[in-house]
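This is what each chain is made of:
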Amino acid sequence: MRIIDHRIAGHSGGAGGRQSDVFDPNTGEVQAKVNLGTQADLEAAIAKAQEVQPKWAATNPQRRSRVMFKFKQLLEDNMQELAELLASEHGKVVDDAKGDVQRGLEVIEFAAGIPHAQKGEYTYGAGPGIDVYSMRQPLGIGAGITPFNFPAMIPMWMFGMAIACGNAFILKPSERDPSVPNRLAELFLEAGAPEGLLQVVHGDKEMVDAILDHPAIAAVSFVGSSDIAHYVYNRGVAAGKRVQAMGGAKNHGIIMPDADMDQAVNDLIGAAYGSAGERCMALPVVVPVGEKTAEELRERLIKAVNALRPGVSTDPDAQYGPVVTAQHKQKIENWIQTGVDEGAELVIDGRGFKLQGHENGFFVGPSLFDHVTPEMESYKEEIFGPVLQMVRANSFEEALELPSKHQYGNGVAIFTRNGHAAREFAQRVNVGMVGINVPIPVPVSYHSFGGWKRSGFGDHDQYGMEGLRFWTKVKKVTQRWPDGGASGDSAFVIPTMG
Ligand code: NAD
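Residues numbered from 1 in each chain as written. Predicted model: local features only at pLDDT ≥ 70, side-chain atom pairs only at ≥ 80, totals over all residues.

1. Things to note about the overall build of the protein
In step 1: Helices and strands together make up the secondary structure of the protein, namely 16 helices and 21 strands.
In step 2: Over its C-alpha trace the protein gives a radius of gyration of 25 Å, about what one expects of a compact globule, namely 23 Å for 498 residues.
In step 3: A principal-axis box enclosing the C-alpha atoms of the protein has dimensions of 85 × 60 × 40 Å.
In step 4: Out of the 498 residues belonging to the protein, those deemed buried represent 52%.
In step 5: Excluding contacts between residues fewer than 6 apart, the proportion of contacts in the protein whose partners are at least 24 apart in sequence is 72%. (Helix = DSSP H or I, 4+ residues; strand = E, 2+ residues; numbered from the N terminus. Rg over C-alpha atoms; globule rule 2.2 N^0.38 Å. Buried ≥ 20, exposed ≤ 12 C-beta atoms within 10 Å, placed from the backbone. Contact = placed C-beta atoms within 7 Å.)

This is the structure in structure tokens:
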């Protein structure tokens, strides 16, 4: 059996410790075992990070930037291999896996501009003979704890920005698809990064707790489900760290009566069922406004959903692959049953789907619900599978209220040809990321990513200038260079520049 070990400079997790199964979701077979790390493994990583970080922080920014340029090149050169490796553990189709790598690569591109981004502020002559300036200094050692669903993109959101800013970084990726993070660390070394700057420790709660409690780690970035995000946030902050913790989601797509229905249906199908619905920016809830819109949408969705073709990750004609584990498949099917029990209309039932030749794979067929209501548990909670729920609204105000009142506030989209309605919606909706005729509004790398309410705990979004702010602290310097003629008077009032 293949063993997936940590990537800690000069240290191995060895044999005999706790391990976790890594499945091939296409076949249902265990393809490897990953070592689950302990405090001792983390200590080894921290010792190395402490050795290397001060030197890296003192490396001038354009040299740091060159490592990012080279790393970006290596990601492009190895795109196919990375995507296939990713798909083999996650289950998403290979083209979608390339998107996972690409969206991380774009953050590396932004991070390559760090000499410009990390410049401080300067005021000449803030007072008589006095200048004030600020500089953004790295925090020291940062850590990232990432979910299974974007094993390339999300680690790169974090370590790209953290390391470019001068920090060392310890990544604790999901134990369900740990190989791509390891491969990224290898490529980062190949790009010229010193050993120990980016290290990968594998593990579960034991390792997460060790990270959260360790005094040498200054900041933790987390992405995963909301209960864990909240826990990580609380424990990390209690230990005196800076913490950002992104959680789950239940994104709504509002379909106004004047929407371009062809576009809306195409976009909805891709956003609801792509990657088997295992995206925090998936659109699992659709809200048609008015009965006429609902009836037309329902008819079109039925056709489109029936035409969907799940398949193995390597099948270029498959629209989506299996879900990540047998437990997750079970959880999705349980939620479908809950929806039925709660009185929603299950228009298309994807349970019990079997792919010929891959009967043990973790496949879930596409499901479609109509007449879902806000009181239902299956509406309130995240299903994270290929399930689209239709909640009918009578008016724009009613549609606006649904995502605004939902416990999650990650993303939302409105489909309309009415600029006024779109503008009003974007301004008023209580959600962090808004799409206008854009189903998956993940902002580009030079903006930033982050949801509201139970989708995001703590300050600062991921990447862009928000990422820079999270991974640096601001030092403010007030300087005076007297000409030598000291006045000799002491001042006992608070200094002003007046
Ligand atoms: P998860 O919460 O199970 O795991 C995330 C990380 O937390 C993993 O590294 C895991 O090892 C660790 N972890 C799991 N249980 C823990 C525990 N009890 N104590 C401490 N650490 C623990 O999430 P997942 O299933 O890997 O990912 C899917 C979830 O992530 C979904 O809820 C999805 O919406 C969310 N997500 C959110 C965003 C976002 O930006 N808001 C992006 C991607 C995914």
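2. Observations regarding the confidence of the model for the protein
In step 1: Looking at the protein as a whole, the pLDDT averages 97, with 99% of positions reaching at least 70.
In step 2: The ipTM, which scores confidence in the relative placement of chains, is 0.99 for this predicted complex, and the corresponding pTM is 0.97. (pLDDT = per-residue confidence, 0-100.)

3. Considerations on the site of the ligand
In step 1: Lining the immediate environment of the ligand, one finds 26 residues, of which Pro-147, Gly-224, Met-246, Gly-248 and Cys-280 sit closest.
In step 2: The residue inventory of the shell around the ligand, partitioned by class, reads eleven nonpolar, ten polar and five charged.
In step 3: Viewed by domain, the shell around the ligand spans two of them, domain 1 (2–247 + 455–477) and domain 2 (252–436), each represented by three or more residues. (Near = placed C-beta within 6 Å. Nonpolar A, V, L, I, M, F, W, Y, C, P; charged D, E, K, R; others polar. Domains from an automatic or database assignment.)

4. Notes on the sheet that holds strand E18 (residues 433–436)
In step 1: Reading across the sheet, the seven strands line up as E13-E14-E15-E12-E11-E17-E18 and stay open at both edges, with mixed pairing between neighbours. Looking at the sheet topology across the chains shown, the edges are occupied by strand E13 (345–348) and E18. Going across the sheet, the axis of each strand differs from the next one's by a mean of 20°, ignoring polarity.
In step 2: Pairing of strand E12 (residues 285–288) with strand E15 (residues 387–390) involves two bridges; the strand directions are parallel. In the sheet register, Val-286 faces E15, and the bridge partner there is Met-390.
In step 3: Relative to strand E11 (residues 252–255), helix H14 (residues 396–405) is tilted by about 175°, and along the sheet it contacts E11, E12 and strand E17 (411–415). (Pairing = 2+ DSSP bridges. Axes fitted to C-alpha atoms, helices over the stretch in contact; angles between N-to-C directions.)

5. Quick word on helix H3 (residues 79–90)
In step 1: Over its twelve residues, H3 extends 16 Å from the first C-alpha to the last, a length consistent with the 16 Å expected when each residue adds 1.5 Å.
In step 2: Those residues of H3 that fall on the buried side of the exposure criterion are Leu-82, Ala-83, Leu-85, Leu-86, Ala-87, Ser-88, Glu-89 and His-90.
In step 3: The inward-facing, buried residues of H3 abut strand E2 (19–24), helix H4 (94–111) and helix H7 (179–190).
In step 4: Two residues or fewer past H3, Gly-91 is found with a positive phi of approximately 105°. (Expected span 1.5 Å × (residues − 1).)

6. Structural notes on the nonpolar core
In step 1: In this structure, Met-161, Ile-211, Val-220, Val-232 and Ile-255 are the most contacted members of the largest nonpolar core, which totals 145 residues.
In step 2: The greatest single-element share of this core, amounting to ten residues, is contributed by helix H6 (residues 153–164).
In step 3: With residues up to four places along the chain from it excluded, the contact list for Val-220 reads Ala-143, Ile-145, Ile-211, Leu-212, Val-232, Gly-236, Lys-241 and Val-243. (Core = buried A, V, L, I, M, F, W, Y, C linked by C-beta atoms within 7 Å.)

7. Regarding the domain arrangement of the protein
In step 1: By domain assignment, the protein separates into domain 1 (2–247 + 455–477) and domain 2 (252–436).
In step 2: The partner domain 2 presents 24 residues to the 18 residues of domain 1 that form the contact.
In step 3: A per-element tally of the side of domain 1 that touches domain 2 places H3 first, with three residues.
In step 4: Looking at side-chain class alone, the side of domain 1 that touches domain 2 contains six nonpolar, nine polar and three charged residues.

8. Considering the environment of Leu-171
In step 1: Looking at the element boundaries, Leu-171 is found in strand E7 (residues 168–172).
In step 2: Leu-171 sits in the buried class, given 28 other C-beta atoms within 10 Å.
In step 3: Separated by 288 residues in sequence, Leu-171 and Asp-459 place their C-alpha atoms 20 Å apart.
In step 4: The residues contacting Leu-171, other than those within four sequence positions of it, are Gly-144, Thr-146, Pro-155, Phe-159, Pro-181, Leu-198 and Val-200.

9. Focus on helix H9 (residues 226–238)
In step 1: The end-to-end C-alpha distance of H9, which contains 13 residues, comes to 18 Å, matching closely the 18 Å that a straight helix rising 1.5 Å per residue would cover.
In step 2: Along H9, the residues that are buried comprise Ser-226, Ala-229, Val-232, Tyr-233 and Gly-236. Buried residues of H9, seen end-on, are gathered within an arc of 120° and therefore sit on one face of the element. Relative to its buried face, H9 has exposed residues pointing more than 90 degrees away, namely Asp-227 and Ala-238.
In step 3: The secondary structure elements touched by the buried residues of H9 are strand E6 (141–145), helix H8 (205–213), strand E9 (219–223), strand E10 (242–246) and strand E20 (456–458).
In step 4: In the stretch just after H9, Gly-240 is the one whose phi turns positive, near 85°. (Arc of directions from axis to C-beta.)

10. Topic: unusual backbone geometry
In step 1: The backbone of His-371 shows a phi angle near 55°, a positive value even though the residue is not glycine.
In step 2: Within the fold, His-371 resides in the loop between strand E14 (367–370) and helix H13 (377–380).
In step 3: Not every positive phi belongs to a glycine, and Phe-384 is a case in point at roughly 60°.
In step 4: Take Phe-384: it is sitting in the loop between H13 and E15.
In step 5: Of the residues examined, Phe-384 has 24 C-beta atoms within 10 Å and is grouped as buried.

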